[in-house]
Amino acid sequence: MSGVALSAASAEPEQLHGRLLQEVDGAALGGVLGAFFAFLFVFLLIFLNSFYIVRQAEGMIIERFGKFHKVMYSGWNWVFPFIDQPRSITWRKTQIGVGGNLEDQTIEATRIDLRESMFNFMKQEVYTRDTVLLDVNSLMFYRIFDIKKAAYEVEDLQSALSNTAQTQLKEVFGKMTFSEALASQRAINDHLVQQFSKLFLGWGIHVERMELLDLVPKSIGEAMKKQMIAERQRRGDFIISEGKKSAMKLEAEGSMKVQINMGIAEQQKTRKISEGEKDAKIELARAERTALDELGNAMREDKVRQSDYMLSQRYNDLVYVCADVSDKTIYLPYEAASLGGIINTLHLTYGQEGPRTGPPKRVTTSQIDAQMAQAESAAAAGDDSALD
């Protein structure tokens, strides 16, 4: 029993020493692991705060000890950890909601969007020149081109934009009547773009365009209705007057053209008639000359004197005139001796001195022709003696 007790007593110190060694080794290992993880944590913390990844069309402002240091753009950017800090900017972001309405959201961000964005100006009350109260809601499309100016040149950028817009809208609409404002929205947008571009240039903002969303009159009631009716009536009268004036002008121009054309036609008619008469007279003269030439040739061939021809022509004319009488009495200018010679020979055939017992003596055609020729020659001889 005593031997067993001694062996047990000698084994207890060894076990205690082994336990102590194990505890010391575990504590050392835990300390090493704790130091390693602490170092890794600090390293990761320093590493993560030593660079920033900036996305495309974004920008960040870095301040060193509260002072502006630089502007970081898209890409991998290194900074001093815990010394360089990004500056945050409070901004109002306008988005289109689910229902299609514009929604404004105020955000505080260190990353500034450099793309074209929208800024919704709240409804503002403005008066026109004819004292009409309007609710005007406008939308500005802008782009930040200088991040430093947008962050440091103005204390509250969105308030400054809103107040400036309100002042400009009052100035613009105060110079117009309500009707002019309704008809000049494009001109108003262009004017606001020019004015806002000048004013916002120092704040690093470029205005792309302006749009008037709402232009609603307030509290005009019956007065506005009467004004609109009177304006429409005035425009209607003016249009009718312009139409009448244009109609009268066109009618006068048409009458003038008709008169001009009639005058030209009359002138051409007179010229054509004159040319026709001229050509007719020329042709008549040519025909008369040809007739005279033929007559002259015939008279020369027949050996007829011109005086004989003229006397016979006058005789024929006289016969034509004397034939148209009412009392049936005709006077013919003729040589009486020739007629007397013909009549004196009739009793030989048909008178009392002719044969009574036998048939009457026949007179042949040749005898009659001979007697007629003798009478004509005697008449011609009498005319020549009368002319001589």
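The notes below deal with the structure included here. (Residues numbered from 1 in each chain as written. Predicted model: local features only at pLDDT ≥ 70, side-chain atom pairs only at ≥ 80, totals over all residues. Heavy atoms only, no water.)

## Regarding the pattern of salt bridges
Line of reasoning, step 1. For the coordinates displayed, the defined rule picks out 13 salt bridges.
Line of reasoning, step 2. A salt bridge links D113 to R115, with the shortest nitrogen-to-oxygen separation between them at 3.0 Å.
Line of reasoning, step 3. According to the relative accessible area criterion, R115 is exposed, its value standing at 52%. (Salt bridge = Lys/Arg side-chain N within 4 Å of Asp/Glu carboxyl O. Buried < 20%, exposed > 50% of the residue type's maximum accessible area, 1.4 Å probe, protein only.)

## Some thoughts on the nonpolar core
Line of reasoning, step 1. One finds M140, L161, F173 and F196 to be the most contacted residues of the largest nonpolar core, which totals 39 residues.
Line of reasoning, step 2. For this core, the secondary-structure elements that each account for two or more residues are β6 (89-96), β9 (117-127), β10 (133-144), α2 (147-152), α3 (157-173), α4 (178-183), α5 (185-200) and β11 (205-218).
Line of reasoning, step 3. The element that contributes the greatest number of residues to this core is α3, accounting for seven residues.
Line of reasoning, step 4. In contact with M140, not counting residues within four places along its chain, are S117, M118, F119, F121, L161, F196, F200, V207, R209 and M210.
Line of reasoning, step 5. Core analysis: the next-biggest nonpolar cluster, separate from the first, contains six residues, Y52, V54, I62 and V79 among them. (Core = buried A, V, L, I, M, F, W, Y, C linked by side-chain atoms within 4.5 Å. Helix = DSSP H or I, 4+ residues; strand = E, 2+ residues; numbered from the N terminus. Contact = heavy atoms within 4.5 Å.)

## Regarding the sheet that holds β11
Strand pairing in a sheet relies on backbone hydrogen bonds. The paired strands run either parallel or antiparallel.
Line of reasoning, step 1. The strand order across the open sheet built from three strands is β9-β10-β11, with neighbouring strands paired in antiparallel fashion. The strands lining the two open edges of the sheet, one partner per strand, are β9 and β11. Strand-to-strand twist of the sheet, defined as the mean angle between neighbouring strand axes without regard to direction, takes the value 20°.
Line of reasoning, step 2. As judged from the nine bridges shared by β9 and β10, these two strands associate in the antiparallel manner. Paired with V126 across the bridge in β10 is L134.
Line of reasoning, step 3. Along the sheet face, α3 touches β9, β10 and β11 and points at about 45° away from the line of β9.
Line of reasoning, step 4. Across the sheet, α5 is in contact with β9, β10 and β11; its angle to β11 comes to roughly 135°. (Pairing = 2+ DSSP bridges. Axes fitted to C-alpha atoms, helices over the stretch in contact; angles between N-to-C directions.)

## Examining the packing of aromatic side chains
Line of reasoning, step 1. This structure, assessed with the given rule, holds eight aromatic pairs.
Line of reasoning, step 2. Centre to centre, the rings of F51 and W76 are 4.3 Å apart; their planes meet at 5°, and the pair counts as stacked. Residue F51 is located in strand β1 (residues 51-54), and its partner W76 is located in strand β4 (residues 75-78); the two are separated by 25 residues in the primary sequence.
Line of reasoning, step 3. Grouping aromatic residues by their ring pairs yields a cluster made of F119, F121, F196, F200 and W203.
Line of reasoning, step 4. Cation over ring: R209 sits above F141, and NZ or CZ is 3.9 Å from the ring centre. (Phe/Tyr/Trp six-rings, centres within 6.5 Å; stacked < 30°, edge-to-face > 60°. Lys NZ or Arg CZ within 6 Å of the ring centre and 35° of its normal.)

## Describing unusual backbone geometry
Line of reasoning, step 1. Despite not being glycine, A57 has its phi angle at roughly 60°, a positive value.
Line of reasoning, step 2. With respect to the element layout, A57 can be found in the loop between β1 and β2 (58-64).
Line of reasoning, step 3. One non-glycine residue with positive phi stands out, namely F82, at about 65°.
Line of reasoning, step 4. Structurally, F82 can be placed in the loop between β4 and β5 (84-86).

## Some words on the packing of α3 against α5
Line of reasoning, step 1. In contact at an axis separation of 11 Å, α3 and α5 are set at 140° when each is read in the N-to-C sense. In terms of orientation, α3 lies oblique with respect to α5. Remark: the crossing between α3 and α5 carries right-handed chirality. Here α3 contributes L161, T164, A165, Q168, L169, V172 and F173 to the contact with α5, which in turn contributes I188, H191, L192, Q195, F196, L199 and F200. (Parallel < 35°, antiparallel > 145°, perpendicular 65-115°, else oblique. Left-handed = near helix turned anticlockwise from the far one by under 90°.)

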